[in-house]
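Residues per chain are reported as follows:
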Amino acid sequence: MRLAGKKAVVTGAGGAMGKVFSEVLAREGCDVAGLDVQGLDLFGDAVRATGRAALELKADITDLEATQAAIGQAVEAWGGVDILVNNAGGGMVRKFHEMTADEWRRMVDVNLTSVFNVTRAVVPSMLERGGGRIVNIASIAALRGGRLVRHATGYAAAKAGVVGLTKALAIEYATDGITVNCIAPGAQQTPGRDRDTPEGREALLAQIPTKTLGRPEDLAESIVHFCLPSAAYLTGVILPQDGGHGI
Ligand SMILES: NC(=O)c1ccc[n+]([C@@H]2O[C@H](COP(=O)([O-])OP(=O)(O)OC[C@H]3O[C@@H](n4cnc5c(N)ncnc54)[C@H](O)[C@@H]3O)[C@@H](O)[C@H]2O)c1
């Protein structure tokens, strides 16, 4: 229980990785508020099974007002927020020259503006508590363009924005006890990958030096590490966790 008593917010907690992150944080002693537009049942069950409290917050985090209302519920219930994991996001495969302005805006809204909205809603509480931990989930696409998925320019650009935002926030709040770090995962063993054809999977693994997919449970351990008291001097770090795919 390395994070006993901490209050955490995990976005995209209804999804594959967010559920795992929430469960691992709860096992480390956090109460967890999951923020998603959908599917928070498994999240709530997983957190409560550890004996910790769960809060299901349904909101579209591309909307600042809705996000502030949802975070307000967590602050009211728990007195504040210590840990924020900006995990919600998602990609789209579209040839760049066929992409519409709406599709571009959607990628930026879902993957970057959402991080602004949730962080904007949470930081005042962290400042009031004298510190906090923010961990953003970007992607190998942010650092290496189409290495993981071709034709994902909007996604890659928005996730690169998350990398820049991480560094700027780390500097802005360095003397306020708030650390801001980012993980750039490579391909993960999530249900989304079950749609890979055998040839597609083979081609993907051929590019990855370890010849394996990543495990969300291992990403969760990195998140926990960034949240430990001993990580107070770790800020602005962009951690590629990708089996060497980005080398
Ligand atoms: N799965 C991978 O291989 C992989 C690799 C690198 C990075 N990532 C990143 O990791 C994160 C989690 O990925 P995942 O595989 O768990 O995806 P997922 O699709 O299973 O989960 C994402 C969750 O975010 C939620 N979400 C999306 N838009 C939202 C909005 N506007 N408001 C509230 N919630 C919203 C979705 O409802 C979903 O539950 C994403 O940011 C993704 O880009 C994933």
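To keep things clear, this report deals only with the structure shown in the data block.

The rules we used
- Residues numbered from 1 in each chain as written.
- Predicted model: local features only at pLDDT ≥ 70, side-chain atom pairs only at ≥ 80, totals over all residues.
- Heavy atoms only, no water.
- Helix = DSSP H or I, 4+ residues; strand = E, 2+ residues; numbered from the N terminus.
- Rg over C-alpha atoms; globule rule 2.2 N^0.38 Å.
- Buried < 20%, exposed > 50% of the residue type's maximum accessible area, 1.4 Å probe, protein only.
- Contact = heavy atoms within 4.5 Å.
- Areas by Shrake-Rupley, 256 points an atom, 1.4 Å probe, with all protein chains shown as cover.
- Expected span 1.5 Å × (residues − 1).
- Near = heavy atom within 4 Å.
- Polar contact = N/O pair within 3.5 Å; in protein donor to acceptor, adjacent residues only side chain to side chain.
- Nonpolar A, V, L, I, M, F, W, Y, C, P; charged D, E, K, R; others polar.

Some words on the overall build of the protein chain
For step 1, the next point in the chain: Helix and strand content of the protein chain: eight helices and seven strands.
For step 2, the next point in the chain: Here the protein chain has a C-alpha radius of gyration of 17 Å; the compact-globule value for 247 residues is 18 Å, and the two agree.
For step 3, the next point in the chain: Overall, the C-alpha framework of the protein chain stretches about 50 × 35 × 35 Å when taken along its three principal axes.
For step 4, the next point in the chain: For the protein chain, buried positions account for 48% of its 247 residues.
For step 5, the next point in the chain: Looking at the protein chain alone, contacts between residues at least 24 apart form 70% of all its contacts between residues at least 6 apart.
For step 6, the next point in the chain: As presented, the protein chain carries roughly 11,400 Å² of accessible surface, and 53% of it is formed by carbon and sulfur atoms.

Considerations on helix α6 (residues 153–172)
For step 1, the next point in the chain: Relative to the 28 Å expected for 20 residues at 1.5 Å per residue, α6 spans 28 Å between its end C-alpha atoms, a close match to the ideal helical length.
For step 2, the next point in the chain: Where α6 is concerned, the buried positions are Gly-154, Tyr-155, Ala-156, Ala-158, Lys-159, Val-162, Val-163, Thr-166, Leu-169 and Ala-170.
For step 3, the next point in the chain: Along its buried surface, α6 packs onto α4 (101–129), β5 (132–137), α5 (140–144), β6 (178–185) and β7 (238–241).

Thoughts on the site of the ligand
For step 1, the next point in the chain: What surrounds the ligand is a group of 26 residues, the closest being Met-17, Asp-36, Asn-87, Tyr-155 and Lys-159.
For step 2, the next point in the chain: One of the side-chain nitrogen or oxygen atoms of Asp-36 is found 2.6 Å away from an oxygen atom of the ligand.
For step 3, the next point in the chain: Against a free-state accessible area of 830 Å², the protein chains account for coverage of 84% of the ligand.
For step 4, the next point in the chain: At the level of secondary structure, the elements contributing two or more residues to the shell around the ligand comprise α1 (16–27) and α6.
For step 5, the next point in the chain: Along the lines of polarity and charge, the residues of the shell around the ligand split into 12 nonpolar, 11 polar and three charged.

Topic: unusual backbone geometry
For step 1, the next point in the chain: Positive phi, close to 60°, is recorded for His-151, a residue that is not glycine.
For step 2, the next point in the chain: With respect to the helices, strands and loops of the structure, His-151 is situated in the loop between α5 and α6.
For step 3, the next point in the chain: Phi at Lys-211 takes a positive value of approximately 60°, unusual for a residue other than glycine.
For step 4, the next point in the chain: Within the element layout of this structure, Lys-211 appears in the loop between α7 (198–207) and α8 (216–227).

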